[in-house]
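# Structure assessment
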Amino acid sequence: MSKIKAPIVILNFKTYLESSGEKALELSKALESVSYESGITMVAAPQTTDIFRINDETNIPIFAQHIDPVSPGGNTGSNLMEALIESGINGTLLNHSEQRMRLADIAEVIQRTKEQKITSVVCTNNIETSAAAATLNPEFVAVEPPELIGSGIPVSQAEPEIVEGTVNKVKEINKKIKVLCGAGIATGDDMKAAMDLGASGVLLASGIILSKNPKTALLDLVSKI
Ligand code: G3P
């Protein structure tokens, strides 16, 4: 198992221009400095093209946004786990709502993350799919109602029952699995609400990436826990 400690903030860089290339590095340095100041684990989930450089120039944990269920060889255009590890990842998101996977493929990639000792975060959209994900035994399940993604409406305040219900259901299946929530999270109040509902942290994007000053936004995010 890798050593990713909760509480945890995972910043999904997605494919925003504001978090690509040079700006991906700046954002990663902001994560590093806020993590250092707050003592809270801050993870960057950049595009594949930026992983090597962020790993070279910072000291923060890095997750892939997606890994394909492929082995080394003939798989043009795929994200190969072994290559991502060599570039510097410590874990990966899987089944993000913008990159859904088949159940059997999620199971296969989780199994391989265990063999390679990297962290797995399976994204889900509701309590039922969170329960299904928990049976596959990842380290984290991250529940994100798709309709709130990028909306600026925080799941932890707008739909607390999904977060609490997911925590309860996942813990019934396996107490060791940690639950994160995401969608619309941006402020210290949003993160505190998530933690109060039993989440071990948050997975977020636009609230930080598109803010005027991402470092200030990150400091606010962790100011109430
Ligand atoms: O992976 C995080 C994500 O889908 C939530 O996006 O922009 O609502 O924070 P956002």
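Let me sum up the structure you'll find in this document. (Residues numbered from 1 in each chain as written. Predicted model: local features only at pLDDT ≥ 70, side-chain atom pairs only at ≥ 80, totals over all residues. Heavy atoms only, no water.)

## Thoughts on the pattern of salt bridges
- In the structure shown here, the tally under the stated rule is 10 salt bridges.
- We note a salt bridge from Lys-215 to Glu-37, for which the minimum N-O separation is 3.2 Å. Of the two residues, Lys-215 is situated in helix H10 (residues 214–221) and Glu-37 in helix H1 (residues 22–38); the sequence distance between them amounts to 178 residues.
- We note a salt bridge from Lys-224 to Asp-189, for which the minimum N-O separation is 2.7 Å. Pair noted here: Lys-224 is in the segment after H10 and Asp-189 is in helix H8 (residues 188–196), with a separation of 35 residues, a long-range link.
- A residue is classified by how much of its surface remains accessible, and Asp-189, at 40% relative accessible area, is partly exposed.
- Residues joined in a network through salt bridges with shared partners are Glu-22, Lys-29, Arg-53 and Glu-57. (Salt bridge = Lys/Arg side-chain N within 4 Å of Asp/Glu carboxyl O. Helix = DSSP H or I, 4+ residues; strand = E, 2+ residues; numbered from the N terminus. Buried < 20%, exposed > 50% of the residue type's maximum accessible area, 1.4 Å probe, protein only.)

## Let's talk about the site of the ligand
- Residues in contact with the ligand, as listed here, are Asn-12, Lys-14, His-96, Glu-144, Ile-149, Gly-150, Ala-183, Gly-184, Leu-203, Leu-204, Ala-205 and Ser-206.
- Lys-14 places a polar side-chain atom, nitrogen or oxygen, 2.9 Å from an oxygen atom of the ligand.
- A distance of 2.6 Å is found between an oxygen atom of the ligand and a backbone nitrogen or oxygen belonging to Gly-150.
- When the ligand is considered free in solution it has 310 Å² of accessible area, and contact with the protein chains removes 100% of it.
- Partitioning the shell around the ligand into residue classes produces 5 nonpolar, 5 polar and 2 charged. (Near = heavy atom within 4 Å. Polar contact = N/O pair within 3.5 Å; in protein donor to acceptor, adjacent residues only side chain to side chain. Areas by Shrake-Rupley, 256 points an atom, 1.4 Å probe, with all protein chains shown as cover. Nonpolar A, V, L, I, M, F, W, Y, C, P; charged D, E, K, R; others polar.)

## Description of the environment of Pro-160
- Looking at where Pro-160 falls in the secondary structure, it is placed in helix H7 (residues 160–173).
- Residue classification places Pro-160 among the partly exposed residues on the basis of a relative accessible area of 26%.
- Each C-alpha atom, one on Pro-160 and one on Gly-184, is 13 Å from the other, the two residues being 24 residues apart in sequence.
- Among residues more than four places away in sequence, those in contact with Pro-160 are Val-155 and Leu-197. (Contact = heavy atoms within 4.5 Å.)

## Structural notes on the packing of aromatic side chains
- According to the stated counting rule, one finds 0 aromatic pairs in the structure shown.
- Sitting over the ring of Phe-140, Lys-178 keeps its end group 5.2 Å from the ring centre. (Phe/Tyr/Trp six-rings, centres within 6.5 Å; stacked < 30°, edge-to-face > 60°. Lys NZ or Arg CZ within 6 Å of the ring centre and 35° of its normal.)

## As for the environment of Val-121
- Following the sequence through the fold, Val-121 ends up in strand S5 (residues 119–124).
- Overall, Val-121 belongs to the buried group, its relative accessible area being 0%.
- Residues in contact with Val-121, not counting those within four places in the same chain, are Ile-10, Phe-63, Thr-92, Leu-93, Leu-94, Phe-140, Ala-142 and Leu-180.

## Overview of the layout of surface pockets
- Roughly 250 Å³ of internal volume is contained in the largest pocket.
- If you trace the largest pocket, you find 14 residues lining it, with Lys-14, Thr-15, Gln-65, His-66 and Gln-99 closest to the centre.
- The class makeup of the residues in the lining of the largest pocket is 3 nonpolar, 9 polar and 2 charged. (1 Å grid on protein atoms, 1.4 Å probe; cavity = no way out; pocket = protein on both sides within 12 Å on 5 of 7 lines; lining within 4 Å. Points joined across faces, edges and corners; volume = space filled by probe spheres on them.)

## Some points on the pairing of strand S1 (residues 8–12)
- Buried residues dominate S1, accounting for 5 of its 5 residues.
- The two faces of S1 match: Ile-8, Ile-10 and Asn-12 on one face and Val-9 and Leu-11 on the other face are all buried.
- Pairing geometry for S1 and strand S2 (residues 41–45), over 5 bridges, is parallel. Residue pairing across strands places Leu-11 opposite Ala-44, the latter belonging to S2.
- Taken together, S1, H1 and S2 form a β-α-β motif whose crossover is right-handed.
- Looking at chain direction, S1 and strand S8 (residues 201–204) are connected through 4 bridges and run parallel. (Pairing = 2+ DSSP bridges. Right-handed = clockwise from strand over helix to strand, strands pointing away.)

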